[in-house]
Amino acid sequence: MFNRLLTTAASAAIIAALIIPNAAQAATTGTITANITAPVLATITVSSGTVTCDVTSTLSLNAPCTSSAAISGSVRSSRNTVTSLTVTGAAINNSTATNSIAPSAFAMTCADASTGTQHGALTVASASALSTSAVACASWAANAQGNILSLSDTLAFTMNSFLVPADTYTAANWTVTLTAS
């Protein structure tokens, strides 16, 4: 039993010695730019579409990123439709594409201060992993009269810096979309 425990401890130490130095060399700054697309049912704008994650000195499952991404605009949807504000991530690569950060390394939390007297119940993202598919930041349930809102949403992000190989990364485009279905 003692030998098995000693072997397990030695294996863990070897794995830590191999993995932790690489993980400790967290990436320099990765800046992600969010682009906006909007269907005809609404107008949305982003006051600032950048998210910056500087993980040079942070090794964490949720290293905070600086985000000034704020979404404003208006929406008027048809009756009985769900209205969603979504973010679609993209991989972030280094200049030679030998290292990559998957969108799932980022988690998104949204805060909503939208106003309107006619809309369904609100659901907002809380530490939701990004994806190459649309992930809801804010969603308003179907309403018999439709959703009519003045949008005011802010997006915050964290990054799992354990998933970031040490390198310098090129900005990638993330897309924010407003839909009703």
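Our structure is the block above this text.
Residues numbered from 1 in each chain as written. Predicted model: local features only at pLDDT ≥ 70, side-chain atom pairs only at ≥ 80, totals over all residues. Heavy atoms only, no water.

(A) Representation of the overall build of the protein. Secondary structure assignment for the protein yields 1 helix and 16 strands. Residues counted as buried form 34% of the 181 residues belonging to the protein. Considering only intrachain contacts with a sequence separation of at least 6, the fraction spanning at least 24 residues in the protein is 75%. Just so you have it, the protein exposes about 9300 Å², and 58% of that area is on carbon and sulfur atoms. (Helix = DSSP H or I, 4+ residues; strand = E, 2+ residues; numbered from the N terminus. Buried < 20%, exposed > 50% of the residue type's maximum accessible area, 1.4 Å probe, protein only. Contact = heavy atoms within 4.5 Å. Areas by Shrake-Rupley, 256 points an atom, 1.4 Å probe, with all protein chains shown as cover.)

(B) Quick look at a nonpolar patch on the surface. Together, Leu59, Leu61, Phe162 and Leu163 line one region of the surface with nonpolar side chains, adding up to about 380 Å² of accessible area. Mapping Leu61 onto the fold places it in the loop between β3 (50-54) and β4 (63-64). Take Leu61: its relative accessible area is 57%, and that puts it in the exposed class. (Patch = residues over 30% accessible without salt bridge, like charges linked within 9 Å, V, L, I, M, F, W, Y side chains within 5 Å. Salt bridge = Lys/Arg side-chain N within 4 Å of Asp/Glu carboxyl O.)

(C) Representation of the packing of aromatic side chains in the model. Inspection of the entire model under this criterion finds 2 aromatic pairs. Taking the centre distance of 5.0 Å and the plane angle of 75° together, the rings of Phe106 and Trp174 count as edge-to-face. Taken together, the residues span a long stretch of sequence, with Phe106 in strand β10 (residues 106-112) and Trp174 in strand β16 (residues 173-180) at a distance of 68 residues. Of the residues examined, Phe106 reaches a relative accessible area of 1% and is grouped as buried. (Phe/Tyr/Trp six-rings, centres within 6.5 Å; stacked < 30°, edge-to-face > 60°.)

(D) Looking closely at the side chain of Ser114. Here Ser114 shows up in the loop between β10 and β11 (115-118). With relative accessibility at 17%, the residue Ser114 sits in the buried group. A distance of 2.6 Å separates the side chain of Ser114 from the side chain of Asp112, its partner in a polar contact. In this structure, Ser114 is in contact with Trp140, Ser150, Leu151, Ser152 and Asp153, ignoring residues within four places of it in sequence. (Polar contact = N/O pair within 3.5 Å; in protein donor to acceptor, adjacent residues only side chain to side chain.)

Function-wise, these values are silent; they only describe arrangement.
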